[in-house]
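Residue-level structural notes
Chain by chain, the residues:
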Amino acid sequence: MAIIGSGILTGLGVTLRHFVETYIEDFKYMGKKAGVQPRMIRRQSPKAKGIVTIEYPMEKMPVPENFRYIPFLVKDDKTNEDRCTSCGICAKVCPPQCIWIARTEDPVTKRPVPAPKDFFIDSTICMNCGYCAEFCPFDAIKMNTDYEIAYYPETENDMRLVYDKNRLTMNESFHWNIHPSVKAAELEAKAADEAKAKAAAEAAAKKAAADAAKKVALAAAPVVPDAPVASVAPTPAAGGAAMAARAAAAARAAAAAKK
Amino acid sequence: MSEVTATPAKPAAKPAAPAAHGAAKPVAAAKMTPEMSAIAAKFGGAVEAAQYEGLLVTDHSKFIEIATYVRDVLKYNQLTNNTATDYIKDGVIEVVNQFTRVPQGGAPLTLKLRVPRPSGHDKTQPVPSLCPLYPGAEFQERETYDMYGVVFEGNPDLRRILMWEGFNGWPLRKDWKEAYYEGDTKPFESRWPGGDHKLAEERVPWEDNVNYPPGFDPFAFKPHPDGDIYDSMLAPSDGTVSIDNGHGVAPTIVEGLNASEMAELKTDEIIVNMGPQHPSTHGVLRMVVKLDGEKVTDLKLALGYLHRNHEKIGERNTWLHNIPYTDRLDYITGIYNEWGYVLGVERMMGLKTTDRVEYLRVITGELTRLASHFWAIGFLLNDLGAFFTPALYFITERDLIIDLLEAVTGSRMMCNYMRFGGVSRDFTSAQWAMARELAFERLPRTIDELDHFLTENEILKARSIGTGYMSADRCIAHSLTGPCLRAAGIGYDVRRADPYGYYDRFDFDIPVLYNGDVYDRYLVRVQEMRESLKIIQQALNQAETQSKVGDIQGGKKAYNHRVPAGQCYARVETPKGELGYYLVSDGNQNPYKYHIRSCSYINLNSMKEMAVGQKVADSVVILGSLDIVLGEVDR
C-alpha cells in the first residue's frame, strides 16, 4: 500500500525533471550560437529533451522532400517548353476537382496540340493530396513545398489563390532544387527516352532512305534528299511519341468516363 | 455458451430449404452461411437470399422475431452497422443491418429490409426499429432516417441528428442534389479539355440551388431549431430514470434533512447547454444536460456541426478519389481510415498486396494508434483538470510520430498513404532509422514515463475510478467498441476477431480490464500503446528480412478502377474502435454506396447511460474517456 500522496509526488518529480532538463539542454548549447540550425534540428529530433519548440517564423524547420503543398508545372530548361501535354489525367484524378485545363488547338487544322493553353489550380479547393503529381505520366506536375501562401486581400489581387498557368509554371531547376533525390532518376529516364527517340528517328531515317532508294530504283527521277528527313525526324518522332501517349491516355480516360 | 456451439450444427439438418430460397433469386444472390440457413429454415417464408450478401426479410412483421432469434439463439449480440441504400432504379430503399458476435468475432451477419421508395420528399412507410433489442441502434437509425427518410417505428427519439431540423429533403437519396451541384459523378466534364476556372458561386447561382419545403418563406422563418431538444427534456422527471448503470438516480439528499423535509424543499431541475464551442467537448459537440443540483438526470447530444455529407461526396467521387477524403474523418488517425477503405475495395476487386505493403501498413497504422492514444490520454487529463501539462508532454511524442509520417507520406495528418493494392511510398533508410529509434528507444521510454507520471496519481484515481461505469452486457448492447469495450472485460478487437493485414504474424496481446470505468479505459489505452510498440518492433524486424525494399505496389498501379458489382463490409480496429466501410458497387468507377460505420459516432450512443446519475463535471470526463473525434462523428 503506497502512502497517500506518493503518486502525486512522483508525478511532480517528472514535471520537475522536464523543467530542469530545459536548462541542461540550454547549457549544452552555451558555446554554440543560438538560433543556428543544429539547435532547431535537435529540438525537433527523436533525441530532443527539454524545450522542444522552435521560434517560428524566426526559425523555420526545413520541410522533408516528400512534403507536398500546392502543385506546380515543370518547364523544360533547355527547350523552354512545358512538360505538360494537357492530357487531362491530373484533372481526372483530382479528388476535389480543382484543376482546370484548356487544351491548345492548332489554329489551322483544329487538331489538339499536346500543350496546355491554360491551366488553373484553385488552391482554395486543393486538398494537397498529391495525386496529380503521382499519376502524371510526363512528370509535368509536381508538388511545391512552399507552405506560406497567405496574403492580405486588401493589398493584393483578390483571386491570388487561383493559380493560372503563368504562376504555376516553374523551371526544371526549381523542381530539382526542392526534390534533389528525383533529379538523377529523372535525368536517367530522360536520357533513356531521348535514346529511344533517337533510335526511332534513325530507324525512320533508314526506312525513308530505303524508300527513297526504292523510289530511285523505280523512277529514275531526281530524289528528295534524305538529309533533311534525318535532321527533322527527331522532333516529330518525339512529338509523335508524346502524341501517342496522350492519345492512349485520352482513350483510357474516355473508357473510364464511359459508364 | 453451449448454444453458441450448438448453432452451426442446426442448419446442417435442413440444407434443402435455404438452397431453394437461394435459387429463387437469379443473379448475384448471397451465398448462404450456416447461420443464414438456420434463419431461413426457421422463418421459411419471411426471408430470402438478398442481393449480393445477407438475407432479405420480406415479411416485415417477422423482423423483430428474426432479430430476437439472431440475438438470443445465434448469439449475434451486437448490431455493428445500420444504414440504407437507395436503389432508385428498382424503386426501393434497402435498410441494411449487420450483426456481429462479441467477443467471438467472425464475419458479420446481414439482414436487409426493403421499402418502396416514396416520391419527392416524403418519408418511407415505417419499418420496425431494432432499438428495443439493440439500444446501440438508436443513433444509427436516426442517421438513416436523417439521410434517407426511412421511418423506424419504435425508435425512442426519431429526430434528425446530423442535419438541422428545418432541412428539406433526404440528402443521401440518389435524386437529392447538393448546393453547387455540378454532376452525379466525378470527374466533371467542365475540367478538361476546355477547362476555364469558375468559382462555384459563379457557376451555379445560389438562388437556383436552394430548395425550400412547400409553403416555406425564408423571410418569415423564425429559427427555433432547438425547440425539440429542450422541449423533450423539459418534461419533469419523477426522479426515477430507468437506467441501470450502477450509479442509481436517487433524489438529491441534503444532509440533515429527512425525506419529508426534502420533499418540501422542492429542488428544481435545470437544463444546461454545454458546447458546441467548448474545449471540453473535443470539438463542436453540444451536450444538453438536465441537472438536479450537480447530478445529471438526463443528457442529450446535438451533433452535426461538422457535417459535410462525406458519404454523398464519396458517392460522387471515383474509388480512388475517396482515399484522401477518408483522412478527414478521424483526422488523428488518417492512415487507419485509409486502411479500412482500401481493404474493402481490395476485397471487392480481389487485389493482392505485397509483403512490404502489409508491413508498411502495420508500421504506419500502429504508429497512428500510438499517436491517437497519446492524444486521447493527454486530453482526458485535460478534462480531469491537469491542464495541458500531460497533454503537451504527449503531444511532443505524437509530434515525432507525425514528423516521421510527414517525411514518409508527404503530409502530417492527411497522409493519403494507402493505394489499392499498395502504398504510395516506401521508407528511405533515414526514415527507417528514425522509425527504429522511435520504436525501440524513444517511445518505450516515454510510455514508461507516462505510466510513472500518471497511473498512480491520487487525483486521477479519485476522479476516474468508478466514473462512467457501464457493464459489459450494456456495452455490447450499445454497440460500443474499442478500448471502452475492452475496459469492461470484453476482449473484442477486430485485429483478432475478423483478422486483416499481417496481424497474425505478430506476437501481441489484447489488453482487457474489468471495471468498465474511466480509469480502466485509461489503463487499457496505456497497455495498448505497449502492445502497439511490440507490433511495430516486430514489424520493423520482420520487414527487414522478409520483404523487398521498394516493392510497394501489388499488381498494376491505376487511377481509373472499376470495381466489380457487389457489396462489402470491411472493418478495421482503429484506436477508437471498429471502423467499418459498407461499400456497394454497381460496376462503375464510382461507389454506388459508401457508408462509414463510424466508431466515434456510435460510441457516443452510450454517453447518456454512462453519464446519468453522475456529477456534471464527470460527464466531461466520460466524454473524454470515450475519445471521440468530431470529424468522424459528424462526417
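Parameters at a glance
Residues numbered from 1 in each chain as written. Chains lettered and ligands numbered in written order. Predicted model: local features only at pLDDT ≥ 70, side-chain atom pairs only at ≥ 80, totals over all residues. Heavy atoms only, no water. Contact = heavy atoms within 4.5 Å. Buried area = accessible area lost by both parts, 1.4 Å probe. Salt bridge = Lys/Arg side-chain N within 4 Å of Asp/Glu carboxyl O. Polar contact = N/O pair within 3.5 Å; in protein donor to acceptor, adjacent residues only side chain to side chain. Helix = DSSP H or I, 4+ residues; strand = E, 2+ residues; numbered from the N terminus. Pairing = 2+ DSSP bridges. Axes fitted to C-alpha atoms, helices over the stretch in contact; angles between N-to-C directions. Buried < 20%, exposed > 50% of the residue type's maximum accessible area, 1.4 Å probe, protein only.

With that settled, consider the interface of chain A and chain B. Counting residues at the interface gives 56 residues for chain A and 59 residues for chain B. Around 4800 Å² of area is buried between chain A and chain B when both sides are counted, 55% of it from carbon and sulfur atoms. At the boundary of chain A and chain B, one finds four salt bridges. The partner of A:Lys47 in a salt bridge is B:Glu437, and the shortest N-O contact between them spans 3.0 Å. Connecting chain A to chain B are 31 residue pairs in polar contact (both at pLDDT 80 or more). Put simply, the parts of the chain that give the side of chain A that touches chain B at least two residues each are α1 (6-28), α3 (89-93), β2 (99-105), β3 (112-122), α4 (131-135) and α9 (234-257) of chain A. For the side of chain A that touches chain B, the element with the most residues is α1(A), which contributes nine residues.

This next bit is on the sheet that holds strand β4 (residues 92-100) of chain B. Residue and element names in this part refer to chain B. Overall, mixed pairing links the five strands, which are arranged β1-β2-β5-β4-β3 in an open sheet. One side of each edge strand has no neighbouring strand; the edge strands of this open sheet are β1 (47-49) and β3 (78-87). Mean inter-strand twist for the sheet, computed between neighbouring axes without regard to direction, equals 25°. Of the strand pairs in this sheet, β4 and strand β5 (residues 109-116) are connected by eight bridges, and their pairing is antiparallel. Along β5, the bridge assignment pairs asparagine 97 with leucine 111. Strands β1, β2 (55-57) and β5 of the sheet are contacted by helix α4 (residues 34-42), whose axis makes an angle of about 50° with β5. Along the sheet, helix α5 (residues 63-72) contacts β1, β2, β4 and β5; its crossing angle with β5, the most-contacted strand, is approximately 170°.

The next point concerns the side chain of B:Ser372. All names here are of chain B. Position of serine 372 among the secondary structure elements: in helix α13 (residues 355-383). Under the relative-accessibility criterion, serine 372 is labelled buried at 0%. Apart from residues no more than four positions distant in its own chain, serine 372 is found in contact with Ile332, Thr333, Pro575, Lys576 and Asp627.

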